[in-house]
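# Residue-level structure breakdown
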Amino acid sequence: MSFLPFAVAAWLFIAGLYGIVASRNLVRTILSLTIVQSATYVVLLGVGYRNGGAAPIFADIPAVTKAVDPVVQVLVLTDVVIEATVTALLLALAVQAHKRFGSLDPNDLRVLRD
Amino acid sequence: MSRCVRLSVFALAATVLAAVLIVGFAGLPAFGHFHGVDGNVIDGVGVTERHATDLVTALNFDFRGFDTLGEEFILFGSVLGIVLILRELRDEHQGPRLEEADEHMLGGASEALRLLGLILVPVLLAIGGYIVVHGQITPGGGFQGGIVLATAPLSLFLAGRYLRTRFVAPHTMLEVGEAVGAAGYAMVGIAGLVFVGIFLKNFLPFGIPGHLLSAGQIDVASLAVGVEVSGAFLVAWSEFLDQAIMVRRRRAQ
């Protein structure tokens, strides 16, 4: 089953993209984007895994224990922060779009259609 | 573009993308057999070189501390963006409705929820502070603990005390906290430049691994990031809550 994490990541990525394309509500579009981004977490953590490796926290295990790759885990941390900020910015835009157009349906954002 | 056309274009594109993803993933090392050199080196020398037992935090605030500086300013910049987007527009004014002037009652908030919200405040502050300062020993650090710290005033909102939250933690204070945190991390870097000649190089004693005051600058940097993250998220959240509760469209003149 060594391909399973990557299959999950590809599935999340495409399912999230489908959500963005098919969505009729801006909030759902934004949530779909976070699903796309969560695919990158799965890829990164899947890439950095070593069979039988412990978490790279050596507080209560000997320093020579085989551990998984900490570098990708830090990248995931960065990824999470970026996702949170991007989501917040987009939600702020959605708030203003709702004020301006009275609707969260992307089809109702009339200025965009001209 | 009609919905039908859009979905069929997507189906075509998704098929191609899926094929590319399969080819790409096939080229990765098999799951569980990754031999990244950097990770191996860090796993090997992280504890002895930096006296930090949580290597993720050690990487974040020391080995690749420069990236974290950028990451922190992305957070800072995006919160600025939120403040800018959600600013008071010309036809709006701030102020609670009369019936809410005393307290904002969250729709359906029971007495139990309100009590729990108040009880949670000190607990969340304690957990958040603990996670921030123990980042170099156990999982945690500034980013994770900062979020927990930020949820403490948010639970006041759950308790239906939003206006009082504004009083306890006014916008100016939050913004100053965020800025101080962001600047603090940069100052840690500059201190490295001043004391040992290299930006973000450790300039503090390493201490004993596993002790609270260990791993040199990591703890200080983590604290600065914790302040910045909690400030940033509180600014963002209060902007959103203001939109829901405080901002009203000015009546047509």
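Quick caveat, the model's predicted, so the values are computed rather than measured.

### Structural notes on the overall build of chain A
Looking only at helices and strands, chain A has 4 helices and 0 strands in total. N-terminal to C-terminal, the α/β element order of chain A is α-α-α-α. In terms of overall size, chain A is more extended than a compact globule, its C-alpha atoms giving a radius of gyration of 19 Å where 114 residues would be expected to give roughly 13 Å. On the principal axes, the C-alpha backbone points of chain A span a range of 60 × 30 × 20 Å. Within chain A, the fraction of its 114 residues that count as buried is 28%.

### So, the overall build of chain B
If you tally the helices and strands in chain B, you get 9 helices and 2 strands. Written out in order from the N terminus, the α and β elements of chain B read α-α-α-α-β-α-α-α-α-α-β. Here chain B holds 253 residues, and 38% of them are scored as buried. Of the contacts made within chain B by residues no fewer than 6 positions apart, 73% connect residues no fewer than 24 positions apart.

### As for unusual backbone geometry
Both trends apply: most residues other than glycine have a negative phi, and most peptide bonds are in trans. All names here are of chain B. Even without being glycine, Leu 200 reaches a positive phi, approximately 65 degrees. Tracing the sequence through the fold places Leu 200 in the loop between helix 8 (171-196) and helix 9 (217-245). You can call Leu 200 buried: it has 23 C-beta atoms within 10 Å.

### Overview of helix 3 (residues 55-63) of chain B
Within helix 3 of chain B, 9 of the 9 residues are buried, which leaves the element mostly enclosed by the surrounding structure. Among the residues of helix 3 of chain B, those classed as buried are Leu 55, Val 56, Thr 57, Ala 58, Leu 59, Asn 60, Phe 61, Asp 62 and Phe 63 of chain B. In the core, the buried residues of helix 3 of chain B are packed alongside helix 3 (70-101) of chain A together with helix 2 (37-50), helix 4 (65-85) and helix 9 of chain B.

### Here's the deal with the interface of chain A and chain B
At the interface, 38 residues of chain A touch 43 residues of chain B. Within the residue set of the side of chain A that touches chain B, elements represented by two or more residues are helix 1 (4-22), helix 2 (26-48) and helix 3 of chain A. Class assignment of the residues belonging to the side of chain A that touches chain B gives a composition of 28 nonpolar, 8 polar and 2 charged.

### A short note on the packing of helix 1 of chain A against helix 2 of chain A
Between two packed helices, the angle of one axis relative to the other and the distance separating the axes together describe the packing. Residue and element names in this part refer to chain A. Their axes nearest at 8 Å, the elements helix 1 and helix 2 cross at an angle of 165 degrees. Relative to helix 2, the element helix 1 lies roughly antiparallel. Seen from above, helix 1 lies across helix 2 with left-handed handedness. Touching Pro 5, Phe 6, Val 8, Ala 9, Leu 12, Phe 13, Ala 15, Gly 16, Leu 17, Gly 19 and Ile 20 of helix 1 are Arg 28, Thr 29, Ser 32, Leu 33, Ile 35, Val 36, Ser 38, Ala 39, Val 42, Val 43 and Gly 46, all from helix 2.

### A few points about the confidence of the model for chain A
Scored by pLDDT, chain A comes out at a mean of 85, with 95% of its residues at no less than 70. Confidence, read as mean pLDDT per element, is least for helix 4 (residues 110-113) of chain A in chain A (60) and greatest for helix 2 of chain A (91).

### Topic: the nonpolar core
All names here are of chain B. Within the largest apolar cluster, 66 residues are counted, with the highest numbers of intra-cluster contacts made by Leu 59 and Ala 232. At 12 residues, helix 9 tops the list of elements feeding residues into this core. Contact partners of Ala 232, with chain neighbours within four places excluded, come to Leu 75, Phe 76, Val 79 and Glu 178.

### Details of the environment of Gly 48 of chain A
All names here are of chain A. Here Gly 48 is to be found in helix 2. Judged by the 21 C-beta atoms lying within 10 Å of it, Gly 48 falls in the buried class. In this structure the C-alpha to C-alpha distance between Gly 48 and Leu 89, which are 41 residues apart in sequence, comes to 30 Å.

### Looking at the environment of Ser 2 of chain A
Within the fold, Ser 2 of chain A resides in the segment before helix 1. A sequence separation of 44 residues divides Ser 2 of chain A from Gly 46 of chain A, and the C-alpha atoms of the two residues are 9.6 Å apart.

### What about the environment of Gln 136 of chain B?
Residue and element names in this part refer to chain B. Within the fold, Gln 136 resides in the loop between helix 5 (111-133) and helix 6 (142-158). C-beta crowding within 10 Å serves as the criterion here: with 34 such atoms nearby, Gln 136 is assigned to the buried category. Residues Gln 136 and Arg 50, 86 residues apart in the sequence, show an inter-C-alpha distance of 9.6 Å. Ignoring anything within four residues of it in the chain, the contact list for Gln 136 reads Ala 52, Asp 54, Thr 57, Ala 58, Ser 214, Ala 215, Ile 218 and Asp 219.

### What about the confidence of the model for chain B?
Do not read the fine detail of predicted coordinates wherever pLDDT is low. Mean pLDDT over chain B works out to 81, with 86% of the residues at or above the 70 mark. As scored by the predictor, the complex reaches a pTM of 0.83 and an ipTM of 0.83.

### Points about the packing of helix 4 of chain B against helix 8 of chain B
Residues and elements named next belong to chain B. Where helix 4 contacts helix 8, the two axes come as close as 11 Å, and the packing angle between them is 160 degrees. Between helix 4 and helix 8, the interaxial angle falls into the category roughly antiparallel. Here the hand of the crossing between helix 4 and helix 8 comes out left-handed. Contacts between helix 4 and helix 8 involve Leu 69, Glu 72, Phe 73, Phe 76 and Val 79 from the first element and Glu 178, Ala 182, Tyr 185, Ala 186 and Gly 189 from the second.

The rules behind the values
- Residues numbered from 1 in each chain as written.
- Chains lettered and ligands numbered in written order.
- Predicted model: local features only at pLDDT ≥ 70, side-chain atom pairs only at ≥ 80, totals over all residues.
- Helix = DSSP H or I, 4+ residues; strand = E, 2+ residues; numbered from the N terminus.
- Rg over C-alpha atoms; globule rule 2.2 N^0.38 Å.
- Buried ≥ 20, exposed ≤ 12 C-beta atoms within 10 Å, placed from the backbone.
- Contact = placed C-beta atoms within 7 Å.
- Nonpolar A, V, L, I, M, F, W, Y, C, P; charged D, E, K, R; others polar.
- Axes fitted to C-alpha atoms, helices over the stretch in contact; angles between N-to-C directions.
- Parallel < 35°, antiparallel > 145°, perpendicular 65-115°, else oblique.
- Left-handed = near helix turned anticlockwise from the far one by under 90°.
- pLDDT = per-residue confidence, 0-100.
- Core = buried A, V, L, I, M, F, W, Y, C linked by C-beta atoms within 7 Å.

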